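# Breakdown of the fold
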Amino acid sequence: MLALVRSACVALYPRTDALPGIEDTDLDAFLVRFRRESSFLLWLGVVAGAFVFAITPLITTGIPLPAFLLSKRLRDRHANRIASHPIYLLRQAVMLVKLAAGLCWGGHPKVRAAFALPPYPDEPSRWRTSFDEPSPSSGDATRDASPAKTPPVGDTA
Amino acid sequence: MRSHIAFRTEPVELEADYVVVGSGAGGATAAVTLARAGASVALVEAGAWRDPAHYPASAYGAMRDLLEDWGSQVTRGRALWPIVQARTMGGTTVVNSAIAVRTPGDIFRQWERERGVGGDAMADAIGRHQDAIERELSVEEVPRGSLGRSNLLALAGDAAADYQGHVMKRYVASCAGTGQCLQGCRKGRKQSTNVTYVPELLRLGGDVLSCAPVHRVAFESRRARGVVGRFVHPETRAKGGRFEVRARRAVVVAASVTHSPALLERSGLKSPALGSLFRAHPGTGVFGCYDEPVDMNVGVTQGWATTKFRESPGLKLETLAIPPELVASRIAGGGTALMERLARYRHVAMWCHAVRAESCGTVHNGLGDRPVVRYQLDDADMRRFRDGMRLVAELHFAAGARSVIPGIHGMPFELGPDQVHLLREAPLDPRRYVAILSHLFGGCPMGKDPRESVCDGDGRVHGVEGLVVADASVIPTNLGVNPQHTIMALARHFATRLVQ
C-alpha cells in the first residue's frame, strides 16, 4: 500500500527546475508517520485515492497500463488530467492523495526555504496531563497582562 | 476543589452544580460565568488540553492535534464540502482567526419576528455582554505593523474599489503577526478560551475534564442529571475509563453545531426540531497574482474584511493566508503543471468570501457518535457564491493584481482583468468549486414554539428540566458575520439567566 501511495504522490508533485519534488522531502518517513498517526478512515481514503490514480490512465491517456508503469511523460500527463478530471468523484479521490502529499511536500524545510519561509520546529504531539500544573508561561503569552477579569455575574445583563 | 483530569484508564465520578459539555466559545464562557456566580462547575471537553507551547506549527500538526478527525468531516449532498471544527480544549477559538464582530441589530428583530425570541431586550443584554467580553479578551484592531503585505494590498484595493472594509478587530493582545492563527497562536497572543476562561474556571475552583467525549446526557424522568462517556487517548485514540459527571442543577450542552444535536439525539431527547435549520457560511478563496512577492504567510492570517455586501447579495469578504502545504492541494492540477503553478506561491494573495447562505440542512447522530450533516446550497445561494468570487476578483484587480486564480472546475485556470465577467456566468454546480463550511449555525434552534425549536430564548430545552444549550446550535438564522462574539455573548446571557 505504501508503494502505491508513494507512486501517486511522486507523480503529483514531481521535481522541477524551480522546486524540489516530493521525493526530495523525506516522503517515505512521512508516509509511515501519516499511516500511524492518521485515523483508519483517512488512511483508507488516501489508499483508495492512490488506487484510483493507479488504475485510471486508460481514461486520461488512452494507455491500458497502471500509472506506475507509464513513461515519465505520460505519467505526468495522467497526473494533471486525473487531478482535474470532469468526474467529480475521481477528482475528489485523487484530491485526498494530493492533500496528504501536500502536507508532506509543503511542510518540508526545502520547500519552505524555496518560498523564503523558515523551517517548522519539531512538533511532537503534546498536551496537558492530569498532573500538569496550569502554566501561565506557555509561549511568550501576554495574557497575564490582560487577564480575564471577574465581574460578578449579572453585572452586565 | 480545583482539578484538571485528563485521560484516565480508571473510572472517574464527579458532581457539581452545573456540568458544561464543550470548552469552545459557548461552553467556556458559560462555565466561567456560572463559576463567577459562585456555583461549582465541571467542564467536560472531548479533546486534549494543549497550551500554546504544545501547539503544532505545521498544517499537518494542526490537523492531527487540533482538528476534529483531521478536518475530514464533510457534508453529504451533491458536493463533499469539508466542515472545519476543532477538537481541543478551547474548541474552535484555538484555530480560528479570533475575529470579533458584534451581532448585527437586524438579527434580533429577525429572531423576534420569525421565532418569537430575541427582540430589543435580548439585543440590549447581548450588547452589554459583548462590551464585557471585549474588555476581558483584549479585543483590539490588528496593529498596522502586523498586517503583512496581503492585508495591506486588500486595504489598497478597498480604497480604490470602495468596498467600505476595515482592519479587523480580534481577540488578540498585541498580535505578533506570525501568520499562525490557524495552527494555534504559539506566541500566546490569541485569547482563545483554553488560555483565558478555562484557566480562570480552575482558579475559581472548577473541575475540568479533557480527552473526555460525552456519549450521552443522563436523564431521570424529565430532568437532566449529568453526563456519561469514556476517556479517549488523544494520540492512540484508545478508550480509557468511564466517566460520570452528575449535575445538581443543570447540564449545559455546548458541544458545537454538529455535536450538540447529535448528543441530544442519542440521549433520547424527542423534539421535531432537533437537527434542523443547520446553516453555514460556505466560502472559498480567490488567489490574486501580483508582480511583486506578497508572502501572504508573513503577517496576520486575517486582517481585513468588509460587511458591505452582508445584506445584498449576502456575503462577507476577508483576507486569508494559508501555508504552502494547503495551497498545494487547493491549486488545480497535478504533475509539472501543478509545480509550475506552485512556483508562484510567493506572488499570490488569497482572499476569500463567506456566503450568508439561506439553504438549510440537517444534523443527526451517526455511527460511532459521529454527526452526519446533510447540506447543499440551492441555486440562489450558488449565485451568491459566484457573485462573491467575482467581487473578490475585482478587489484583487483594484489592488493591482495581474491575474486571478478562481479555482472553478471547467473554467480557465487564470483570468485577466478583462475576463472577470466570465465569473458572472460561472456554473452553479457546487461540485465545480473547492469550498469549505465555516461558521455553522442551528441544529438546536431556539424559538418560542416547541414544535419548531429545541430550546427557548434562554437556551432552556423545551419539555425537560435542567438542560440548556449554549453554543451556535441555538442560532436559528444565518448571521452573515463571524459568530464567535455572538456565541460568547449568548452563552453568557444564558448562564446569567440560569443562575438568576
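Before reading further, recall that the structure is shown in the block above.
Okay, so let's go over this structure. Keep in mind that this is a model prediction, so the values were computed, not measured. (Residues numbered from 1 in each chain as written. Chains lettered and ligands numbered in written order. Predicted model: local features only at pLDDT ≥ 70, side-chain atom pairs only at ≥ 80, totals over all residues. Heavy atoms only, no water.)

## A word on the overall build of chain B
- Assigned secondary structure in chain B consists of 11 helices and 19 strands.
- Taken against the 2.2 N^0.38 rule, which gives 23 Å for 500 residues, the C-alpha radius of gyration of chain B at 22 Å falls within 12% of a compact globule.
- Expressed as lengths along the three principal axes of its C-alpha atoms, the size of chain B is roughly 65 × 45 × 40 Å.
- By the burial criterion, 67% of the 500 residues in chain B qualify as buried.
- A separation threshold of at least 6 residues defines the contact pool for chain B, and within that pool the share at least 24 residues apart is 75%.
- Taken together, the 60 basic and 51 acidic charged side chains of chain B have centroids lying 3 Å from each other. (Helix = DSSP H or I, 4+ residues; strand = E, 2+ residues; numbered from the N terminus. Rg over C-alpha atoms; globule rule 2.2 N^0.38 Å. Buried < 20%, exposed > 50% of the residue type's maximum accessible area, 1.4 Å probe, protein only. Contact = heavy atoms within 4.5 Å. Lys, Arg positive; Asp, Glu negative; His and termini not counted. Charge placed at Lys NZ, Arg CZ, Asp CG, Glu CD.)

## Section: the interface of chain B and chain A
- Each partner contributes to the interface: chain B provides 80 residues, whereas chain A provides 69 residues.
- Our count for the contact surface shared by chain B and chain A stands at two salt bridges.
- Of the charged contacts in the structure, one is a salt bridge between R128(A) and D51(B), with a shortest N-O distance of 2.9 Å.
- One can count 23 residue pairs in polar contact (both at pLDDT 80 or more) joining chain B with chain A. (Salt bridge = Lys/Arg side-chain N within 4 Å of Asp/Glu carboxyl O. Polar contact = N/O pair within 3.5 Å; in protein donor to acceptor, adjacent residues only side chain to side chain.)

## Quick look at the packing of aromatic side chains
- As enumerated under the stated definition, the model contains 16 aromatic pairs over all chains in all.
- Summarising the aromatic geometry, the rings of W105(A) and F115(A) are spaced 6.2 Å apart at their centres and angled 75° between planes, so their arrangement reads as edge-to-face. Linking W105(A) in helix α6 (residues 88-107) with F115(A) in the segment after α7 (109-114), this pair joins segments that are 10 residues apart in sequence.
- Assessed through its relative accessible area of 2%, F115(A) is described here as buried.
- Plain terms: the ring middles of Y290(B) and W351(B) are 6.4 Å apart, the flat faces sit at 50° to each other, and that makes the pair tilted. In this pair, Y290(B) sits in the loop between β11 (276-289) and β12 (304-306) while W351(B) sits in strand β14 (residues 348-355), placing the two residues 61 residues apart along the sequence.
- Site record: aromatic cluster; members linked through ring pairs are F30(A), F34(A), W43(A), Y60(B) and W70(B).
- Between the NZ or CZ atom of R112(A) and the centre of the ring of Y120(A), over which it lies, the distance is 3.7 Å. (Phe/Tyr/Trp six-rings, centres within 6.5 Å; stacked < 30°, edge-to-face > 60°. Lys NZ or Arg CZ within 6 Å of the ring centre and 35° of its normal.)

## Looking at the nonpolar core
- In this structure, Y13(A), W105(A), W111(B), M296(B) and L342(B) are the most contacted members of the largest nonpolar core, which totals 207 residues.
- The element that contributes the greatest number of residues to this core is α6(A), accounting for 10 residues.
- Ignoring sequence-local partners within four residues, the contact set of W111(B) consists of G116(B), V117(B), G118(B), M122(B), M446(B), I475(B), P476(B), T477(B), L479(B) and L490(B). (Core = buried A, V, L, I, M, F, W, Y, C linked by side-chain atoms within 4.5 Å.)

## Here's the deal with helix α1 (residues 25-36) of chain B
Residues and elements named next belong to chain B.
- Across its 12 residues, α1 extends 17 Å between first and last C-alpha, which sits within 8% of the 16 Å expected from 1.5 Å per residue.
- Judged by how many residues are buried, α1 sits mostly within the fold: 12 of 12 residues are covered.
- On its buried side, α1 packs onto β2 (12-21), β3 (41-44), α4 (119-136), α6 (197-203), β10 (239-253) and α11 (484-499).
- G38 lies just past α1 and shows a positive phi near 100°. (Expected span 1.5 Å × (residues − 1).)

## Describing the packing of helix α1 (residues 2-12) of chain A against helix α2 (residues 27-37) of chain A
All names here are of chain A.
- Between α1 and α2, whose axes approach to 11 Å, the crossing angle comes to 125°. With respect to α2, the element α1 is oriented oblique. Note that α1 runs across α2; the crossing there is right-handed. From α1, L2, V5, R6, C9 and V10 reach across to α2, where they touch L27, D28, L31, V32 and R35.
- Residue composition of the contact of α1 with α2, grouped by class: seven nonpolar, no polar and three charged. (Axes fitted to C-alpha atoms, helices over the stretch in contact; angles between N-to-C directions. Parallel < 35°, antiparallel > 145°, perpendicular 65-115°, else oblique. Left-handed = near helix turned anticlockwise from the far one by under 90°. Nonpolar A, V, L, I, M, F, W, Y, C, P; charged D, E, K, R; others polar.)

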